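Okay, here's what each chain looks like letter by letter:
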Amino acid sequence: NNPLVTGQQVGQVITPIPSTELQLFPMDTPKSVGTPTRWKCSIEELPTPPDQEVDHIPPADGQESPLHLRPYIMPSTHRSTYGLPEHGIIYCNFNQLYKLDPGTLECWCKILLRVPNSYVWLLKFPALGEANVQAKAAEFGVPPGRIIFSSVAPKEEHVRRGRVADVCLDTPLCNGHTTGMDMLWSGTPMITMLGESLASRVAASQLTTLGCPELVATNYKQYEHIAVALGNNPTELQAMRQKVRLARATSPLFNISTFSRHLGDLYLRIWDKRARGQPNDHITSTIQRTLPSDRLLCTEPLLEAVSPDDYMNRLMKQQQSVPAWKAAPSNF
């Protein structure tokens, strides 16, 4: 049990699955299936450790451009609505608290102590964990008031209020999966650490597909360094936020139509191998991750009134810029 969360987590009932010709374990449940039956896991390359046998869905290539998927201009919201200070750096994490382990909390506390006027914004999810997190943070030397809790909100508000935070701090042990996508869709950068299990590599895959691999750390020290560098450098923070916002429309991360097409193609290829009596093997495909200018999901301005040409110029400038902290060593 997670020592930061009080109460027993409700377990899932494992139901025996009848024997079928071919069984697939889809990517939407990153956990053990609890059965000796051989499954295939259909996921993108990065989340899977090298020693796990899977078939892969390649990233979307942007050949289809559904305009209804474009990032929309979200209604404005304010920090004061959630009891957050108007000035200062807000780090956030909207995952359930069971994903927060003591080592990650200690790392977050070190970040707070190194970034003046900074705060960590969490959810009462569950509310029983709030007192434990606050008590543990006090042990790590964090003054009262630097960790702020809010209640769980409806989906639209959940995504919209993520914009008022400056940076999302992912939970390395078990990443934010849907939560990570929600945060990136809101335009807020997310820092993660690449782990060894599928559940600890999802956010790294999201950021890599988005075109922001510089936000993926390999250890806690590098994770802390990236968060502190962004928190103490407003120029770099603004540049990274702008890069994430613009990348939502040009990267394959949110191109659901193309992803679905690749998924269907993968199912057909798996069945074809099965029908031919071929042994199980990896099915991979290398596809360009960054879309050319004529394959944007949309050419409309995002978050503010800018012309398409200015939009593309900003995007190219952000993609070509190299933050000072990007080349930071992983073993400092």
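Rules of the game
Residues numbered from 1 in each chain as written. Predicted model: local features only at pLDDT ≥ 70, side-chain atom pairs only at ≥ 80, totals over all residues. Heavy atoms only, no water. Buried < 20%, exposed > 50% of the residue type's maximum accessible area, 1.4 Å probe, protein only. Helix = DSSP H or I, 4+ residues; strand = E, 2+ residues; numbered from the N terminus. Pairing = 2+ DSSP bridges. Right-handed = clockwise from strand over helix to strand, strands pointing away. Contact = heavy atoms within 4.5 Å. Disulfide = S-S within 2.5 Å.

### Let's talk about the pairing of strand E5 (residues 118–123)
Logical step 1: E5 sits mainly inside the fold: six of its six residues count as buried.
Logical step 2: Bridging between strand E4 (residues 89–92) and E5 involves four bridges; their strand directions are parallel. Looking across to E5, one finds that Ile89 is bridged to Ser118.
Logical step 3: As for the winding sense of the linkage, the β-α-β connection from E4 through helix H1 (residues 102–114) to E5 is right-handed.

### A few points about the environment of Ala137
Logical step 1: Mapped onto the elements of the fold, Ala137 is located in helix H2 (residues 129–139).
Logical step 2: Between the alpha carbons of Ala137 and Pro102 there is a distance of 9.4 Å; along the sequence they are 35 residues apart.
Logical step 3: Not counting residues within four places of it along the chain, the set of residues in contact with Ala137 comprises Leu105, Cys109, Val142 and Ile147.

### Quick notes on the state of the cysteines
Logical step 1: All chains considered together, the criterion is met by zero disulfides.
Logical step 2: Free of any disulfide, Cys107 has its nearest neighbouring cysteine sulfur in Cys109, separated by 9.2 Å.
Logical step 3: Cys168 forms no disulfide, and the closest cysteine sulfur to it belongs to Cys92, at a distance of 4.5 Å.

### A look at the pairing of strand E8 (residues 190–193)
Logical step 1: Side chains of E8 alternate between two faces, with Met190 and Thr192 and Ile191 and Met193 buried alike.
Logical step 2: As paired strands, strand E7 (residues 167–169) and E8 are joined by two bridges and run parallel to one another. For Cys168, the partnering residue across the bridge sits in E8 and is Met190.
Logical step 3: On the question of chirality, the crossover connecting E7 to the parallel E8 by way of helix H4 (residues 178–185) is right-handed.

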